[in-house]
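Residue-level structural notes
Listed below, chain by chain, are the residues.
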Amino acid sequence: MTTAEQTVHPDGRVELADPDVLRDSAYANAELAPTRLPERTWTTYNYAALWMGMAHNIPSYLLASGLVAIGMNWLQAFLTITLGNLIVLVPLLLNSHAGTKYGIPFPVFARAFYGVRGANFPALLRAFIACGWFGIQTWIGGQAIYVIVGELFGKGWMEASAIGGHPWTMWLSFLFFWALQMVLIFRGIEGLRRFENWAAPLVTVAFVALMVAILVKAGGFGPILSQPSKLGWDADFWKIFAPSLMGMIAFWATLSLNMPDFTRFGKGQRAQVWGQIIGLPTTMSFIALVSIITTSGTVVLYGSAIWDPVELTRRFENPVIVTIGLVMAILATMSCNVAANVVSPSYDFANALPRWLNFRTAGLLTGVIGIVIQPWRLISDPSIYIFVWLSFYGGLLASVAGVLIAGYWVIDRTNLNLADLYRPGGRYWYAAGWNWRGVVATLLGSVLAVGGAYSNPGAGPFPENGLIPFLKPLYDYSWAVGLVVGFLTYFVLTLTAPSRRSTATHAAPTY
């Protein structure tokens, strides 16, 4: 929507005509304010490199190796992951559009459909899930440091006295890696962009080197590709295919919401769209194939699937190879963790307390919560990792994505009023700053998506018959259910119970 307060440029990008209009707003600070056009400099390569850095990480590796560990063969696992990433690319690109067009991060974008205050509901939901991921990645990076130092100092380090089930040296490594990432956060978003640009290619080389080493030891592709599926292609496979696919989609369901945090810096829609198309599905399919071949090779070599690459790297006898491999693992973890799991909650927490928190202090808060969540428990087992952690939060976030897509593309036709996103009493104030339609749509979508959460006996925290038994069949399709229900509910509520702002005249779409 073009008004006297905002300028629409020829390429469709919008900025405030006078940034000082936000000076006295209690809902704005330097990080949350719309990015000015001269600051929107990210190119196609920057986005491709960002995705290479985020996708080439150990949890991505564990995603594929986990499917092999639960019985899929290489082809089944590869198809499941590739399909999942092609599906999640659709909501990811749809929500990225607003970031590039208006220069706004995810929590500000959400204000249009949840209210200026109500946006804290989906933003904090996203933030706490990111904290869990931050903790998981930090634990993995700490493991790599623990092993590297162990190669240098031997048994005294590796077999130190245990605290809480782990050697105290493991805890020290975990805290050291945590502090290392906090240093990177305090360098800001541009420091992150520069780090991604050089770290991403190195990480790719490291994963390929690990695969080649396993291929050499296993005698080539033949023994690996001939490994039969423990599940076959009948009912045993299809029984776990749907929940596995939902887990694969959910892996990037977080970024499908908060990608505007990055696309707000884009040179244009073409740059971010092509950068993400080049970066996400191709990179994830590549790392999946590397992981699947490597993990299948461990079945040939060791008789069982070793799904953790840190543990696998320790099996090599040459300490130089072990050290180089684990240094790459640390780079991979930092590259993903800071981009995917700190940038978003930093904006989200700052959105809740804009006068008290900025990007750096909110990043520190993310790091603290990431420890409190006890991430070492979340990756203790591939079944818990895929079917509990990924499937459950995927259903929650999918309902938010449904609301955003319905509101931005169908109801508002991509037209927003920038100043009102920060203004009490404006177009997005609704009732005391809350839009109950967005909240109801998210809650209904979430309940239907994950209300039937269940675990097989001894394989997770949920009851065997589901939290709400009659919803159990829906949990296998949690992400799809959350997305569809959130979308339809918000659309119907907005049409049948319109607010003052939703009945306003919309300008013709501009792209």
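Residues numbered from 1 in each chain as written. Predicted model: local features only at pLDDT ≥ 70, side-chain atom pairs only at ≥ 80, totals over all residues. Heavy atoms only, no water.

On to helix H4 (residues 106-114). Here H4 lies mainly inside the structure; nine of its nine residues are buried. Looking at H4, one finds that the buried residues are Phe106, Pro107, Val108, Phe109, Ala110, Arg111, Ala112, Phe113 and Tyr114. Just downstream of H4, Gly115 is the residue with a positive phi angle, here 100 degrees. (Buried < 20%, exposed > 50% of the residue type's maximum accessible area, 1.4 Å probe, protein only. Helix = DSSP H or I, 4+ residues; strand = E, 2+ residues; numbered from the N terminus.)

On the surface, Leu75, Leu79, Trp233 and Trp238 cluster together to form a nonpolar patch covering roughly 420 Å² of accessible area. One can find Trp233 in the loop between helix H9 (221-225) and helix H10 (235-251). (Patch = residues over 30% accessible without salt bridge, like charges linked within 9 Å, V, L, I, M, F, W, Y side chains within 5 Å. Areas by Shrake-Rupley, 256 points an atom, 1.4 Å probe, with all protein chains shown as cover. Salt bridge = Lys/Arg side-chain N within 4 Å of Asp/Glu carboxyl O.)

Ranked by size, the top nonpolar core spans 125 residues in total, and within it Ile104, Phe113, Trp252, Leu404 and Leu416 carry the most contacts. Sorting elements by how many residues they give to this core places helix H5 (residues 120-153) first, with 13 residues. One finds Ala449, Ala453, Phe462 and Val481 within the second-largest nonpolar core, a separate group that totals nine residues. (Core = buried A, V, L, I, M, F, W, Y, C linked by side-chain atoms within 4.5 Å.)

Before going further, it helps to examine the side chain of Thr35. Note on placement: Thr35 falls in the loop between strand S2 (14-16) and helix H1 (44-55). In terms of polar contacts, Thr35 uses its side chain to reach the side chain of Arg264, at 3.1 Å. Ignoring any residue separated from it by four or fewer positions in sequence, one finds Thr35 in contact with Arg40, Gly103, Arg264 and Phe265. (Polar contact = N/O pair within 3.5 Å; in protein donor to acceptor, adjacent residues only side chain to side chain. Contact = heavy atoms within 4.5 Å.)

Our focus in this paragraph is the packing of aromatic side chains. The tally for this structure, following the rule as stated, stands at 19 aromatic pairs. Residues Trp42 and Phe262 carry aromatic rings whose centres are separated by 6.3 Å and whose planes lie at 45 degrees to one another, so their mutual orientation is tilted. With Trp42 in the loop between S2 and H1 and Phe262 in helix H12 (residues 260-263), this pair connects stretches of sequence that are 220 residues apart. Each member of the pair, Trp42 as well as Phe262, is classed as buried. Here the aromatic rings of Tyr114 and Phe121 are separated by 6.5 Å at their centres, their planes lie at 65 degrees, and the arrangement is edge-to-face. Residue classification places Tyr114 among the buried positions, given a relative accessible area of 0%. Members of the aromatic cluster, joined through ring pairs, are Phe109, Phe113, Tyr408, Trp409 and Tyr490. A cation sits over an aromatic face here: Lys472 above Tyr454, 4.7 Å from the ring centre. (Phe/Tyr/Trp six-rings, centres within 6.5 Å; stacked < 30°, edge-to-face > 60°. Lys NZ or Arg CZ within 6 Å of the ring centre and 35° of its normal.)

H10 packs onto helix H3 (residues 74-102) with a crossing angle of 40 degrees between their chain directions and a minimal axis gap of 8 Å. Classified by the angle their axes make, H3 and H10 are oblique. Considering only the axes of H3 and H10, their crossing is right-handed. Across the interface between the two elements, Gln76, Thr80, Ile81, Leu83, Gly84, Ile87 and Val88 from H3 touch Phe237, Phe241, Ser244, Leu245, Met248 and Ile249 from H10. (Axes fitted to C-alpha atoms, helices over the stretch in contact; angles between N-to-C directions. Parallel < 35°, antiparallel > 145°, perpendicular 65-115°, else oblique. Left-handed = near helix turned anticlockwise from the far one by under 90°.)

To continue, consider H10. With 17 residues, H10 extends 25 Å from end C-alpha to end C-alpha; this agrees with the ideal 24 Å at 1.5 Å per step. If you look at H10, its biggest bend is around 35 degrees, right at Phe241, and the proline Pro243 turns up within four residues after that. (Expected span 1.5 Å × (residues − 1). Bend = angle between axes of the 7 residues up to and from the residue.)

Let us look at the pattern of salt bridges. Summed over all chains, the structure comprises six salt bridges. The partner of Glu15 in a salt bridge is Arg36, with the nearest N and O atoms 3.5 Å apart. Placement of the pair is Glu15 in strand S2 and Arg36 in the loop between S2 and H1, with a sequence separation of 21 residues. Given the relative accessible area of 29%, Arg36 is considered partly exposed. Residue Asp20 pairs with Arg23 through a salt bridge whose shortest N-O separation is 3.1 Å. On the basis of relative accessible area, Arg23 is assigned to the exposed category, the value being 58%. Three or more residues are tied together by salt bridges with common partners; here these are Glu5, Asp420 and Arg423.

Turning our attention to the environment of Val484. By the secondary structure assignment, Val484 is in helix H22 (residues 478-496). When the C-alpha atoms of Val484 and Ala449 are compared, they prove to be 9.8 Å apart, with 35 residues separating the residues in sequence.

This paragraph deals with the environment of Glu39. When you line up the elements, Glu39 lands in the loop between S2 and H1. For the pair formed by Glu39 and Phe265, sequence separation is 226 residues and the distance between their alpha carbons is 6.5 Å.

Moving on, we come to unusual backbone geometry. Notably, Arg413 is not glycine yet its phi reads approximately 50 degrees, a positive angle. Take Arg413: it is sitting in the loop between helix H19 (382-411) and helix H20 (436-450). What makes Arg413 partly exposed here is its relative accessible area of 32%. Here Tyr430, not a glycine, exhibits a phi torsion of approximately 55 degrees, which is positive. When you line up the elements, Tyr430 lands in the loop between H19 and H20. Exposure remark for Tyr430: the relative accessible area of 17% places this residue in the buried category.

In short, shape yes, function no, at least from these values alone.
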